[in-house]
Each structure stands twice: as structure tokens, then as C-alpha cells.
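Fold and contact review
Here are the chains, one letter per residue:
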Amino acid sequence: MFFLLVRKELLEQLLSLRFAMASIICLVVVLSSTWVLTNDYKEAQADYRTNIVLNKNQIEESNDLVDGGIKIDKPLNPIQIFFKGLDQELTTTATVNSQSEPQFEAGYEGNPVIFLFPPIDLLFFIGVVMSLLAIAFSYDAISGEKELGTLKLLMSYSVPRDLVLLAKWIGGYVALIAPFLVSVLCGLVVVVLFPTVELRPQHWGALGLIMLCALLYLAAIYSLGIFVSARTQLASTSITVLLMVWVLVVLVVPNTTPYIASQIHPVRDFVLIDREKYQIEHEEEKRFQKRWNEWEEKNQEAPDNIRWSTWPLMRRIQRLRLIDHQDKINDQFLKQLDGQIRLGQYLSRISPLSSFAYAASDLAGTGIADRNRFLKLLAEYRREITTFGFQTRIDASLNDEDNRTIEGYPKFIFEESVLGDRIAWIDILFLGMWNILFFMGAYLSFLRYDVK
Amino acid sequence: MLEIEGLEKHYGDLKAVKSLSLTIQPGEIFCMLGANGAGKTTTLMVSLGFTDPTRGTVKICGIDVTRDPLEAKKHVAYVSENVMLYGNFTARQNLDFFTKLGGVKDATDQDYKQVLKRVGLQDDAFNRRVKGFSKGMRQKLGIAIAIMKDAEVILLDEPTSGLDPKSGAEFLQLLNELRAENKAIWMTTHDIFRAKEIADRVGIMVAGTLVQLLTREELQQQDLEALYVQYVSQATEEAV
Amino acid sequence: MLFALIRKEIINNVLSFRFVVVLVLFFGLILISIMFLTSDHQTRLRTHEASKSAHRDQILSLKGAEDQDEQFHEILLGGGGVYGDRAPQPLGIFVQGLDENLPSQVNTSLTNSRKIDENFYRNPLFTLFATPDYGYIVNIIVSLLSLLFVFDTICGEKERGTLKLLLANSVPRDLVLLSKWIGGYLSLAIPFLVALLAGITYVYITGTIELEGETLDRVLWIVLVSMLYVSLFSALGIMISTLTHNASTALLVSLFVWISWILVIPNLAPVIAKITSPVPTTQKIQAEKGAVDRETEIRLQRVNRQMLSYGKKAEDMREKIEQEGDNRKKKLDQFYQDKLKAQIELSKNLSRISPSASFTYATTDLAHTGIGLFTSFKRGYNRFEDEFGTWANEWDDTYHNNDEKYPDENWLQADTLPTFKMHHQRLDDAIEAALMDILLLLVFNVLFFMLSYLFFLRYDVT
């Protein structure tokens, strides 16, 4: 009997207009956005390769790591074709030098329309579009069938209510996710067909886990739809209530909670922090000049090579100390900011979309943790090239060489973090909790539902 | 058999059904007449387990509907006033679904075609989507579904409303056949003439109370129409 | 008769559950959005003032410094350079647009510009989800709510059976349609306007921005564009209602149209433009400019080897070579700007298929937080860089020509120091920039209404 009920629900959904509509939307949007974003990725790969060569040429030509610094490009992440995350652009170029903190290419150099209309990635599609479709598939599951009059007939048969509810849930959910999964699969085929895009096993793993989170998220919204349907008598009431909830949960809560968090847990003004760093730079410079002048006075008789090598030696010490100061200030700030971020995240988790967004961005390697890791690695790299750069100067001066060389200079290595470390268990837990809550709500409501 | 004993149903202060006791035997057609809001449909809803009685019991084939609704429903078939079915499904698909749901697993397409013919639906309706059906066609399909269930008790809510005279006559013929198959049939209706023609017994319900219960013999002797109008007018005056 | 019909529509709407939901959401969302963004604006203003003050103090401290060498070095010879500050756009409270994407501080110096990476200090959660400014609320949420308020105004009435009853009277169909449009629109527009007024009042009371003169005019224009946008969705909803015969179908069609037209199309357009009209990266341009510099250097060296280093002929030759180098670099810059401009135009035009894009462009133009701001900023920054370059080189020459002696101790005058200024856009220019998009919104309105009219004349009411 249960399979009979599920079959009927599924068949009903498959024959409906909403299924046709969902199929069209899924296929058109996922395929077009995947194609477009994959092309974009291809361009980004070309830019990346060009940049690597240009940067290499530039650094070898300048033969100096200390003053000019070195430009590095963050390796591309193919998952960004599907989940953009925090990075608006696919390519990230930073100039790392010993004097100042890493500087990123200004975002306002490119096309500003992209800031007004960010590209649709799967996070947007699943989070906003698919969730709206989930509402469209579930809002009249109970109330609509009652209005139609078929619920009465159905319940006049010897069918337990829990089976009816479960069958409705399964039939509708399968009909909802079928076109979605098919189109994502087609999207993956598009990506795989692009010869330059390389999806390694860890990428497939991440994508698989993200898809599971997506299914969990959609199940939660779908269950919410069934729940509301089981609490109302008219489909028009269900849809009105559900759309109000959807607007709040998907379009409002995730967007407003960072503002609330910034009010409750403000961070230090960046102007003040910058001034502090500027003051320290200034003071360190003064201290260095004073030390150098003192040393020079004491060591006027010293041979040239000693004098010329002492300067970069002392400079290196000063720079590393400056970097320590700056990093300490940054760490303090980031700790404060982290508090604000955490608060914002906790507040926003009342919306299943927030949980899904955090889980998906973390798994994709485009989330907050990865951003912080990249910044930390940049800071470490800055130390490395400072040490190396000054050492080449010291060596050249000691050996009375005119030509110093930066051969063998340290390269910036950014490896993807382990997939296991990126799983956001708390968000998955929240998604699971919403599922259970809404399904139980639907279940209990339907047991007492007035079918006549 | 349908046994109603001391049934009362209250909605707050409103007493929709007041102390109804009635037994419909197998092979009997019982028609319940009454104005809108008299309590006929409420009685039906309680019998189907859609709402619990305030007092009293309803038993279908000896099974208390309130205590064991799932078991009781195995023995009852229901046709609502305005039959609504799954519009995107064909007549065949609707029949198949409800027949299997009713526990009849071995029904074939031939059986479905036969029952559709029996209720007066054309052959071409078999594979047509129900959303294109007229009210009368849906009504007939609803009756076909009830027949396929082969339940001992059949509950009909205004089954002839929307049927043309020919179809109405065909329907009465069908009821006769079902009576001959020993079904206990409860029919709520406004159609006094058909009630007089087909019923073994007729009840008149006014404001929740069964005010008159007439056997076939008594029906022949009385002017049912005048009686009905009299009771309904009285009830209206009292209400005002 | 029209008045009676309109009255009936309004009463029907106002007594519905839907109206309550729409009312609560309009008020709640518009007010919350304006409150948050007002608070955010106040914070940014404070930061801006603090920044201006800090930069002023820096200059003043240098003036008082005993060591002129330090002053000179600090500003000219590879030191910190000069800073400029950009105030947050006042109407960013309503339509943030690109305001937060552009830096609030700029810096220029003869060597490296010392940029502050403002993104480092920003909470990344703001990037993950769209800013819930008034523009977003209207663009995304109000459009959906407006559509869903009227989607079943015809087909729903048909389903209920009252349409038949209505048209069984001597009522012309066009009046019925007009009354539905007016009634539906007024039921939406009045709560919307009241909510917006409450928001504007809040801004006025907090005194965060001066709501008078041109600023107030801009706000009024934004209100007008918003009303046009709401009306568009009313008309669209009614049109969908005249194309369908039951409410559930109309609902699905409305959702389908909204998802495709408002969510998907405007966001696909810029990426399509990026692919079909690509722009070289700034790195590539920098690299090519670097190549030009190297070539110029080689040519200059050749001149120095072939001719006497001094003498007018050599001098003229060197000047010519440098000029050619500069021209080539300018051409590269121009090439980049042209390519970028073409891509921007293409993205805008492609996205204009959706009224969401027109609404965004019109409101950001009027609030001066859109592409106009972006262009103003870039121009202002380039001018700032050029002015500083000229000013710095002049002082550098003075230093060298003065036998490497320091200039007059009063050389560092605040009023001669180059400043970062952005061209103030006049309201007329803003309206001109927004005109095309406003017209497009108007065209969509007329189109949907006309189509509704045509479809309803033939609508089967049975």
C-alpha cells in the first residue's frame, strides 16, 4: 500500500505543470550558468598562466625581493565554477614585499556591473531558486488536496495517516530533486568536457558532500512546506504563509544578521588600526636610522664589504620586527572580527540557507576558514622572502659581488586543505535539526488534520 | 450493516446531530432527506471517521468506527457530493489507484471497463484525463470507484445532483443491482421523488433530529413531499 | 461605475490575509533595512572623519618636523605619499550600489601607492549575502510580493465564480480590467509609500544625511522609479492572470517568470559580456607598459652612445623618445579603457532585458552610487595621481636644481598639496543617465497593461 501511495504521489507530480516548469528552470539555469562560469574559469586559467610567467619575468629582471616585492597568484579552485564563495573574482593576485603588507589587485579596476549583479553560482541557485521551487512543490500537498476534495476520498480508505504523509513527502521530494540532480549532472558533464578544467578526486569528494548538504537543505524547506500545508485549510493561505516565511528565511535573515552582529560586537575602526601600524612603521624606521648611524660612527674603519653587508643585516632584523608588530595587530583585529563573524553566523543559523551557505562554502574551499588560511600563508611568505631577500644582499655585499642573485628564491605554495577539515558539522547538524523539526510538525499536524 | 446508536455531535453550542439511532441492514437502501444544515452530512462524516462523535457510536459491520477506524473503513465505500478525483490521471488510473488502495489487487483493465460501462460512462472515457470530465461524468466515475471496492456498506452524499434524467434513471437501476448484491446503502438526498422510488426506508432530518422514519409501505400511503415541506417549514419558523 | 469597481477591488484586497502579510513585510523590511543602513552609514561617516583628521594631522605633524629631509622623503621620495578620503555617498542608505565596493581612502606617491586593503578589515559575511538595502528590498522582495498579490485577480475570480456574475451585468470588460489594475496597485502602493515615508522620516530624524535640496529631489526620483517598478509587477501579475484559468497555474507561471526574469537573467548578462567582450588584465597592461619603458630606455641609451650626451640635438632626441614612450603607454591605457567601456556597455545592455537591471541602474544613477560613481571615482583618482605626479616632480626638480638643498621651509602648504576630489554629479546629469532605464520601465508597464487588455477582452469567463 505504501508503494502504491508513493507511486501515485510521484506520478501526480510528474504529470503536473510545476514539474515541467522546474525541469526547464533547472536545465536552463544550471547549464547556462555552468557553461558561462566554466568559460570564465577558462579565461581565468589563461590569465593565471600569463600572470605566472609575467611575475616570474618581472622578479627575475628586478633581481630583488626586498624593495619591489613579488607578485603571487592564488592557485585557481575549479569548484568556484559551482560555488563562488567569498571571492568575487576567480583570480587573486597579491603583491608581497617586506616593506608593506600584502596588497591585492583593486577590485574597482574591472567591470563594476559584476558587483551589481554577481554571477549565479550553485549556491544562489540552490539557496534561492530551488528553495522557492521546493515551496511550489509542497505548499498544497495537504491543503490543496483537501480543497480539491480528493483528500476526503483518500482518507475514506483504510490508509493510516502517517503513511499518507510519508508518501506525499517522498513523492513530492523525489519529483523536486530529480530535475535538479539531472541538471547538475549535465553541468558536471559540461565542465568535464572542457579539457583545461581539472577536477581531481578531492574536488569530486567536495562536490559530492556539497550536493548532500543541498539535498538536506532542500528537504528542510520542502518539509516546511508540508508542515504549513498541514496546518492550513486553503492552498492560498499555505502559499501566502510560506512565501512570507521564505522571504524572511532566504532573502532577509542571512543578509541582515551581519549588520546585527556588527552592532552588538563592533570591531576597531580600520583607520585607527592603520594609523597605529603607520606610527609603528615610523618609529621602527627612526629606530633603525638611529641604530645604523650609531653603528656607522663606531665602525668607520670597517671594510666596505662589512659595512655594506651590515646594513641589510640590520635592516632585515628591523623589517622582521616590523612584520611581527603588524602581524600582532592583525591577529588582535582578526580575533575581534572573528567574534563578530561567529556571532553573525550563530544569529543567522535560524535560516537554513545560512547553514547551507556556510557548509557549502567551507566544503568548496571558498569559505571564511580558507580565506584566513590564505592570509596567514601570505604573512608567512612575506617573512620568507624578507629573510631570503636580505640574505641575498648580505651575501653579495660580503663577497664584494656586484651581481647579487635571487636564484632559488622561495615560491608561494598554497595547497588545498584536507576535505575532512572543511566539513562544517555544526551547519549539517542544524540542517538535520530543521528537517526533523519540520517533518515532526507536519506529521503531528496531519494526524489531527480535518479532512472534511 | 451500518449501526448508529445514540449518535450526538456538538460543535460548541451547536448540536449538529441530536441522539440519532438507526440501523441499515444489508440489502437495504436508506434515504435521508433534510434541508441544508440538517445534520445529514455530519452523520456521514462521523460514519467515515473524519470526526469523532460527542456521544454514541457508529459501527460498520460490527466495527466501531471511532475505536478502529482503519478496520472499519475496509468495509465502507464513499461517494461525495461533488466527486473530485486526480485531474491529471485518466479514469483508468484513478480507478486502478483506488481499487488497489481498497485492497482489491487482482482487478484487470477488463474489470475497469466493465464497471465504467455499468455506471454509464462511454468507452472513450477510459483513457481520458479526468480534468476534462463534466460533473456528471465525475459522479459516475466516483460511483464506479465505490463499486470496485466491493464494500459491504456504501455511503452516498447527494449522488444524483448533477445527473441528467437519463443518467438519474440509470443510477437508480444501479442501486437496485447493488441492493440485490446485499449492500447496505445510505444515501443523503434532496431528491424526494427518487427517494420515494428507490428507498426501502426514508428518514427526514430536521435540525439534527430524525423527525420521521417511513417504511416503503408508509411511503406509498403518505404524501412525502408535503410531509417534508411541513417539517422543513416548521424548523425554519422555529429557527427564526 | 469605475469608482464602484475600484472600491470593491480595494476592499476585497484590504480584507484579505495576503494584504496583512504584504503590509507587515513592507513595513518591517523597509524600516529594518533603512535603520541598519543608516547605522552603517553613521559608522562609515565617523570612520571617514577620523581618517580625514588623521591625514590632516599627519601633514601638520610633518610641517612642524625639524627634519625637512623627513618631510621631503615622507611625501615625495618613496615615502607615504599623500592620502585622499572619500565620504560615503549619502543616498547609499537607500541604494548602496557600488559605494562599499569603492575604497574610502586613496593614496598616491611617486613609488608605490600605499593602499589599505579595506576588504581585510571587513566582515566577510557581508560579501556572502547581498546587502539588504532599500534597493534590494524593492528589486527582489517587493517585486515578488507585488506579483503574488495580483496574480490570481482574474483567474481566481473566475474559479470562485464571481467573474461570471460580475460580467453578467452591464459592465464593460475594459473597466473591469482597469479597476483591477488600479485597485490592485493602490492596495500595494499605499502601504509601500507609507512604509517608505516612515523610513525617510527615520533618516530625517536621525539627521544622518541632510534631506533637503538636491538630495531630497533625488530621493523623490527614487520613489518615483520604485512606484513605476511596483506598477510593472502589478501589470505583469494581471497579465499572467488573464492568460490562465486557475490560480495554481497562475502562481506557477508567476514564480517561473519572476525566477527567470528577475533572478537569473540580470546575473547571467555580465558574465556573458565578460566572455564575449573580454578585457585584458591590468597586469598584462602593466607588463606591456613595462616593455615600452624598457624599449624607451634602450633607445635613450643608444642616443647617449651615438651622440654627445649634451647639446640641443641630443636633448631634443631624448625628449622625442620619451614622448613617444609616453604616447604608447597612453595608447595602452586608452585601449584598456575602451575595452572596459565596451564590456560595461554590453553587460548593461544585455541585462536590460530584465526590469530588475533597469531598476538597479536607474536608482543607483539617481543615488549616485552606480556606474557613474565608479567612473567619477576613477577619474578623480587619475586626476589626483596626475596632479600629485606634476606637483612632486616640480618640487623634485627644484630640489635638484637647488644643488640638492631643501626648498623653502614653508614648501609644504596644505592648500597647494594635491587633493583627491570627485566630480559632483548634478541632478540633471543623474536623471539623464537614468532616463533610458526609466523609459524602459515605463515601456514594460505599458506593454503588460496593453497585453492584459487584449487577453482579457477574449477571456473565457465560464
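What counts as what
- Residues numbered from 1 in each chain as written.
- Chains lettered and ligands numbered in written order.
- Predicted model: local features only at pLDDT ≥ 70, side-chain atom pairs only at ≥ 80, totals over all residues.
- Helix = DSSP H or I, 4+ residues; strand = E, 2+ residues; numbered from the N terminus.
- Rg over C-alpha atoms; globule rule 2.2 N^0.38 Å.
- Buried ≥ 20, exposed ≤ 12 C-beta atoms within 10 Å, placed from the backbone.
- Contact = placed C-beta atoms within 7 Å.
- Nonpolar A, V, L, I, M, F, W, Y, C, P; charged D, E, K, R; others polar.
- Expected span 1.5 Å × (residues − 1).
- Axes fitted to C-alpha atoms, helices over the stretch in contact; angles between N-to-C directions.
- Parallel < 35°, antiparallel > 145°, perpendicular 65-115°, else oblique.
- Pairing = 2+ DSSP bridges.
- Core = buried A, V, L, I, M, F, W, Y, C linked by C-beta atoms within 7 Å.
- pLDDT = per-residue confidence, 0-100.

Things to note about the overall build of chain A
- Counting its secondary structure elements, chain A contains 14 helices and three strands.
- Relative to a compact globule of 452 residues, whose C-alpha radius of gyration would be 22 Å, chain A shows 29 Å and is clearly more extended.
- Across its three principal axes, chain A shows a C-alpha extent of roughly 110 × 50 × 35 Å.
- For chain A, the proportion of its 452 residues judged to be buried stands at 45%.

Observations regarding the interface of chain A and chain C
- Taken together, the contacts link 71 residues of chain A with 72 residues of chain C.
- Broken down by element, the residue count for the side of chain A that touches chain C peaks at 17 residues, all from helix α9 (residues 235-264) of chain A.
- The residue inventory of the side of chain A that touches chain C, partitioned by class, reads 40 nonpolar, 20 polar and 11 charged.

Some points on helix α12 (residues 312-351) of chain C
- Helix length check: α12 of chain C (40 residues) gives 57 Å between terminal C-alpha atoms against 58 Å at 1.5 Å per residue, within 8%.
- The set of residues buried in α12 of chain C consists of Tyr336, Gln343, Ile344, Ser347, Lys348, Leu350 and Ser351 of chain C.
- Contacts from the buried residues of α12 of chain C go to α3 (113-116) of chain A together with α10 (247-276), α11 (282-306), α13 (355-367) and α14 (371-401) of chain C.

A look at the interface of chain B and chain A
- With 18 residues of chain B at the interface, the matching set in chain A holds 19 residues.
- Sorting the residues of the side of chain B that touches chain A by element identifies α2 (69-73) and α3 (91-101) of chain B as the ones contributing at least two each.
- Among the elements that take part in the side of chain B that touches chain A, α3 of chain B stands out by supplying three residues, more than any other.
- Residues that form the side of chain B that touches chain A fall into these classes: 10 nonpolar, five polar and three charged.

Side note on helix α8 (residues 173-206) of chain C
- Here α8 of chain C is 34 residues long and its end C-alpha atoms lie 49 Å apart, about the 50 Å a rise of 1.5 Å per residue gives.
- Residue Gly207 of chain C follows α8 of chain C closely and has a positive phi angle near 65°.

A look at the packing of α9 of chain A against helix α12 (residues 352-364) of chain A
All names here are of chain A.
- The N-to-C vectors of α9 and α12 enclose an angle of 65°; their axes lie 8 Å apart at closest approach. In this view, α9 runs roughly perpendicular relative to α12, as classed from their interaxial angle. Contacts from Val249, Val250, Val253 and Pro254 of α9 reach α12 at Pro352, Leu353, Ser354 and Ala357.
- Residue composition of the contact of α9 with α12, grouped by class: seven nonpolar, one polar and no charged.

A closer look at the environment of Ile63 of chain B
All names here are of chain B.
- In this structure, Ile63 sits in strand β5 (residues 63-64).
- The exposure class assigned to Ile63 is partly exposed, which follows from the 18 C-beta atoms found within 10 Å.
- Along the sequence, Ile63 and His75 sit 12 residues apart, while their C-alpha atoms lie 9.2 Å from each other.
- Other than its neighbours up to four places away in sequence, Ile63 contacts Asp68, Glu71, Ala72 and His75.

What to know about the sheet that holds strand β3 (residues 103-104) of chain A
All names here are of chain A.
- On the basis of which strands lie adjacent, the open sheet formed by three strands has the order β1-β2-β3 and antiparallel pairing. Both edges of this open sheet fall to β1 (70-73) and β3, since each of them pairs with a single strand only.
- Two elements, β1 and strand β2 (residues 93-96), share four bridges in a ladder whose sense is antiparallel. Pairing of Asp73 across the sheet is with Thr93, part of β2.
- The strands that helix α2 (residues 17-62) touches are β1 and β2; relative to β1, the one it contacts most, it runs at about 160°.
- Set on the sheet, helix α13 (residues 368-398) makes contact with β1 and β2; between it and β2 the angle comes to about 40°.

A look at the sheet that holds β5 of chain B
All names here are of chain B.
- Spatially, the four strands line up as an open sheet ordered β2-β1-β4-β5, and their pairing is antiparallel. With partners counted over all chains shown, the strands left at the sheet margins are β2 (14-24) and β5, one partner each.
- Bridging between strand β1 (residues 2-11) and strand β4 (residues 55-60) involves five bridges; their strand directions are antiparallel. Residue pairing in the sheet places Leu2 in a bridge with Ile60 of β4.
- Against the sheet, helix α1 (residues 40-47) touches β1, β2 and β4, its axis set at about 115° to β1.

A look at the nonpolar core
- If you look at the biggest cluster of nonpolar residues, it comprises 206 residues, and the most contacted ones within it are Leu176, Ile210, Cys213, Tyr217, Leu218 and Ala360 of chain A together with Val225 of chain C.
- If one sorts the elements of this core by residue count, helix α8 (residues 201-229) of chain A sits on top with 18 residues.
- Beyond its immediate stretch of four places on either side in the chain, Ala360 of chain A contacts Phe83, Leu123, Ile210 and Cys213 of chain A.

Considering the confidence of the model for chain C
Residues and elements named next belong to chain C.
- Model confidence for chain C is summarised by a mean pLDDT of 87, while 94% of its residues fall at 70 or above.
- At the low end of the mean pLDDT range in chain C sits helix α3 (residues 68-75), at 71; at the high end sits α13, at 96.
- Our summary of model confidence lists the complex with pTM equal to 0.89 and ipTM equal to 0.88.

Focus on the confidence of the model for chain A
- Put simply, chain A has an average pLDDT of 89, and 97% of its residues get 70 or more.
- The element-level mean pLDDT for chain A is lowest in β3 of chain A, coming to 80, with helix α14 (residues 425-447) of chain A highest at 96.

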